[in-house]
Amino acid sequence: MRVKYLFCLLFFISYSVLSQNIVSKSEITIPMINVHAGFHLPGGDLSNRFGPSSSLGIGYQMKKKSNFYWGFDVMAISGSDVKEDNILDIITADSIDIIDSNGHTASIRFWQRGVQSQVFAGKIFPVLGPNSNSGIFIQGGFGFLYHQIRIEDIGNNSPQINSDMLKGYDRLCMGFSSSQFIGYRHFSDNQKINFFIGIEFIQAFTEDVRMYDYNSQSDYEDKRLDLLTGMKFGWTFPLYKKSDNKYYYY
């Protein structure tokens with residue numbers, strides 16, 4: 001619900017404040033807020049653990065008159081396809097089910113969860129766009145990524161996987177990441193339609209950080225190469241500068 005209210009607020013502000021800048025005249029400096037969503041396919045070691053995932057993120061970006069830009073953002077990663085099916089083998093009964101504190105079969109669900117944060121820089125090449133601030137862009141980034149298996153006990157009646165015990169099963173991994181992004185960015189002449197779309201590549205050099213795997217009863221020793229490749233679309237809210245030297249969302 002909070003995300004829904006954030007989108008509503010941003011759209012309300014963007015249509016209630018007018019700017020005096022004319023985007024189509026020439027290259028201009030544009031600070032902006034980006035809200036983006038994506039769909040990624042896993043690769044490397046990540047493909048052995050998870051299937052496709054979706055993302056939702058927000059960030060800040062500054063485009064200079066030269067069409068070079070820099071920024072930072074954070075995105076949440078989520079998915080429902082967890083391929084590793086032996087996560088809780090050590091505490092399941094012969095029926096491969098977990099018996100809860102009431103003697104019933106527990107309802108357990110597995111999810112992919114993760115977060116990536118990064119700083120990035122790139123350049124817009126003014127081709128195919130309506131003005132000299134729009135066009136094809138290339139971007140590179142450096143940041144930090146983590147992912148884990150979220151284990152959800154519906155009803156919270158299974159002491160075998162309480163909040164403390166879950167740390168031995170969730171396979172939390174984290175490490176530094178790099179990214180590349182190529183796409184198209186659009187700033188409309190009427191200043192109402194501003195977006196970007198493209199293909200993103202992420203490489204994360206992660207390792208398990210829980211130290212001990214309860215299921216295998218052994219120490220973690222994994223050093224991983226986790227890859228994500230996918231499409232990302234974002235809506236942009238420029239902060240155009242008016243003549244009174246104040247910035248406004250638009």
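These figures come from a predicted structure and were not determined experimentally.

A.B. asks: Which parts of the structure should I look at to understand unusual backbone geometry?
C.D. replies: Notably, Asn67 is not glycine yet its phi reads approximately 75°, a positive angle. Here Asn67 shows up in the loop between β2 (53–63) and β3 (68–79).

A.B. asks: What exactly am I supposed to notice about a nonpolar patch on the surface here?
C.D. replies: On the surface, Phe125, Val127, Leu128, Ile138, Ile182, Ile197, Ile199, Phe201, Met231 and Phe233 cluster together into a nonpolar patch covering about 880 Å² of accessible area. Looking at the nonpolar patch element by element, the count peaks at three residues for strand β7 (residues 194–208). Here Ile197 is to be found in strand β7.

A.B. asks: So what exactly am I meant to see when it comes to the nonpolar core here?
C.D. replies: The nonpolar side chains of soluble globular proteins are, as a tendency, buried together. The biggest cluster of nonpolar side chains holds 14 residues, and the ones touching the most others in it are Ile87, Leu145, Ile149, Ile151 and Leu228. Secondary structure elements with two or more residues in this core: β3, β5 (135–154) and β7. Top element by residues in this core is β5. It accounts for three residues. When sequence neighbours within four positions are dropped, the list of residues in contact with Leu145 reads Ile77, Val115, Gln116, Cys173, Met174, Gly175, Ser177, Ile202, Ala204, Thr206 and Leu228. Membership of the second largest hydrophobic core comes to six residues, among which are Tyr69, Phe137, Phe181 and Phe196.

A.B. asks: How should the packing of aromatic side chains be read in this particular structure?
C.D. replies: Note on aromatic pairs: each is described by the distance of the centres and the angle between the planes. According to the stated counting rule, one finds eleven aromatic pairs in the structure shown. Each ring, one from Phe144 and one from Phe176, has its centre 5.9 Å from the other, and the planes form 85°; the classification is edge-to-face. Residue Phe144 is found in strand β5, and its partner Phe176 is found in strand β6 (residues 173–187); the two are separated by 32 residues along the sequence. With relative accessibility at 31%, the residue Phe144 sits in the partly exposed group.

The rules we used
Residues numbered from 1 in each chain as written. Predicted model: local features only at pLDDT ≥ 70, side-chain atom pairs only at ≥ 80, totals over all residues. Heavy atoms only, no water. Helix = DSSP H or I, 4+ residues; strand = E, 2+ residues; numbered from the N terminus. Patch = residues over 30% accessible without salt bridge, like charges linked within 9 Å, V, L, I, M, F, W, Y side chains within 5 Å. Areas by Shrake-Rupley, 256 points an atom, 1.4 Å probe, with all protein chains shown as cover. Salt bridge = Lys/Arg side-chain N within 4 Å of Asp/Glu carboxyl O. Core = buried A, V, L, I, M, F, W, Y, C linked by side-chain atoms within 4.5 Å. Buried < 20%, exposed > 50% of the residue type's maximum accessible area, 1.4 Å probe, protein only. Contact = heavy atoms within 4.5 Å. Phe/Tyr/Trp six-rings, centres within 6.5 Å; stacked < 30°, edge-to-face > 60°.

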